[in-house]
Every structure is written in structure tokens, then in C-alpha cells.
Amino acid sequence: MRFSELALETRSIRRFKQSVRLSREKILAFVDSARLAPNAANLQVLRFSVVTSEKNCATIFPALKWAGYLEEWAGPEEGERPAAYIVIHAPGEEKPYTRMDVGIAAAYIVLSAREAGCGSCIIMSFDCGIVAGEVNTPEDYRPLLVIALGVSGEEVILETALKDIRYWRDELGRHHVPKLRLFEIVTEQ
Ligand SMILES: Cc1cc2nc3c(=O)[nH]c(=O)nc-3n(C[C@H](O)[C@H](O)[C@H](O)COP(=O)(O)O)c2cc1C
């Protein structure tokens, strides 16, 4: 897949085909992409937990907060929940570059997941205590991002943001994501 196509298709997915399980090897391949990502001073301080079993996925799920703009929606129902997670841990003592490294690693993960036919959603709003307790968080580290993964069970439509940048759902349940136009985000001298 060309990168331009991959970028178009890598959308945040919040409803999955939960019964389609993903192997640990498949998820580890996404972490392997993050392993190769640029990072400040090549210090490679981030650590990653992989969650694939139904039992462990079920314990992570209640910690996650989904789609803040969709106030009426409580998150994916049983049957449409993620089939795996990657948790990105950073050292507890944060440096100015820490969250940049985390963001770049997350981007590599979601792009490689999409290339492999998986949907994903980066989640920053979660109960850190629950997640840290459920996965093997290294000492002096804390989880900064959770990436939900699975085969997509929803249709996502990219559109031009005219008045509002908030994503929304139409009457057919399709998820719409408004994006600003190129000239609106580029400054020129
Ligand atoms: C740093 C970051 C944190 C995010 N946190 C959440 C979150 O807590 N819950 C959620 O449902 N989506 C979360 N998202 C997904 C965004 O809502 C999503 O990227 C945005 O709506 C644009 O949609 P798109 O990814 O399809 O372009 C997060 C994305 C990023 C990059």
C-alpha cells in the first residue's frame, strides 16, 4: 500500500470484530515497527506491553474512555470490543521529549497495524492505576498510552471540516471525521 493511501486509511477505530482474535506474534510485529522509530538521542526509553488474551483484554477494557465527543455513546459493546492492546510505558520521571517519543511510537504502531489489516485507536484517557496493575509495568515506569487493536467493525468517513472539527455519527452508525484543509494548517511567509 502506498503511504498516501495508508495515511488516508489509518483512522481511529472504536468498534471491532471482537471474535476475530489477534495473535501475540502479530501484535509484536507492530511493536517491532515502533522499535525502529526515531526517538530522542536514540535513548529508546519506552517499554511496551502486549495484551491479547480475552481474559486480559476484559480487565483492561473498563479502564478506557472512548470518544469524548460522542456523549450518548458509552463505548463499544460486548462483541465489538478490541481484540488486543499495546500499552506504551514511559519512565516516571518525564523529560521534555518523553511524550514526543510516545507519540511517534504510537504512530508507527497504528500505521503498521493498518498495513496488516487491523484497526486501532490511540487512547490517552484511561485509568492509569487499573492499566498499570493489569500489565507488567516496569519499575519506575508508568503507562502513558493504550492502543486498542482489532479487525475493524465500523465504517469511518473522512470529510472536510467546515464549521466543526468534532467527529460524529450519522443515522446509519457511520463515524465521520472532519479534517481541516491543507491551506488552513500551513503558514507561509
Ligand atoms: C494522543 C491521542 C490521544 C487520544 N485519546 C483518545 C481517547 O482517550 N479516547 C478515544 O476514543 N480516542 C482517542 N484518540 C483518538 C482521536 O480522537 C482521533 O485520533 C481523532 O478523533 C481523529 O480521528 P482519526 O484518528 O480517525 O483521524 C486519541 C488520539 C491521540 C493522537
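Residues numbered from 1 in each chain as written. Predicted model: local features only at pLDDT ≥ 70, side-chain atom pairs only at ≥ 80, totals over all residues. Heavy atoms only, no water.

## Topic: the environment of E93
Its place among the elements puts E93 in the loop between β2 (84-91) and α4 (98-115). The exposure class of E93 is exposed, given its relative accessible area of 62%. Separated by 45 residues in the primary sequence, E93 and F48 have C-alpha atoms spaced 17 Å apart. At a separation of 3.2 Å, a polar atom in the side chain of E93 contacts the side chain of K95. (Helix = DSSP H or I, 4+ residues; strand = E, 2+ residues; numbered from the N terminus. Buried < 20%, exposed > 50% of the residue type's maximum accessible area, 1.4 Å probe, protein only. Polar contact = N/O pair within 3.5 Å; in protein donor to acceptor, adjacent residues only side chain to side chain.)

## Quick word on the site of the ligand
In the region of the ligand, 14 residues are neighbours, and R11, S12, R14, A67 and K179 sit closest. Here a nitrogen atom of the ligand and a backbone polar atom of M124 are 3.1 Å apart. For the ligand, whose free accessible area comes to 620 Å², the fraction covered by protein is 71%. Elements with a minimum of two residues in the shell around the ligand: β3 (119-123) and β7 (175-179). (Near = heavy atom within 4 Å. Areas by Shrake-Rupley, 256 points an atom, 1.4 Å probe, with all protein chains shown as cover.)

## Some details on the domain arrangement of the protein
Parsing the protein into structural domains produces domain 1 (3-153) and domain 2 (155-189). Computed from C-alpha atoms alone, the centre-to-centre distance between domain 1 and domain 2 is 23 Å. Taken together, the contact pairs 11 residues of domain 1 with 10 residues of domain 2. A buried area of about 1000 Å², summed over both sides, lies between domain 1 and domain 2, and 60% of it is on carbon and sulfur atoms. When residues of domain 1 are sorted by the area they lose upon contact with domain 2, R11, R15 and Y69 head the list and together hold 55% of the total. Our count for the domain 1 to domain 2 interface comes out at zero salt bridges. Counting across the domain 1 and domain 2 interface gives four residue pairs in polar contact (both at pLDDT 80 or more). Its residues assigned to classes, the side of domain 1 that touches domain 2 shows six nonpolar, two polar and three charged. (Domains from an automatic or database assignment. Contact = heavy atoms within 4.5 Å. Buried area = accessible area lost by both parts, 1.4 Å probe. Salt bridge = Lys/Arg side-chain N within 4 Å of Asp/Glu carboxyl O. Nonpolar A, V, L, I, M, F, W, Y, C, P; charged D, E, K, R; others polar.)

## Structural notes on a nonpolar patch on the surface
A contiguous nonpolar patch, built from Y69, I165, L180, L182, I185 and V186 and spanning about 600 Å² of accessible area, is present on the exposed surface. Summarising the element assignment, L182 is placed in helix α6 (residues 182-185). What makes L182 exposed here is its relative accessible area of 64%. (Patch = residues over 30% accessible without salt bridge, like charges linked within 9 Å, V, L, I, M, F, W, Y side chains within 5 Å.)

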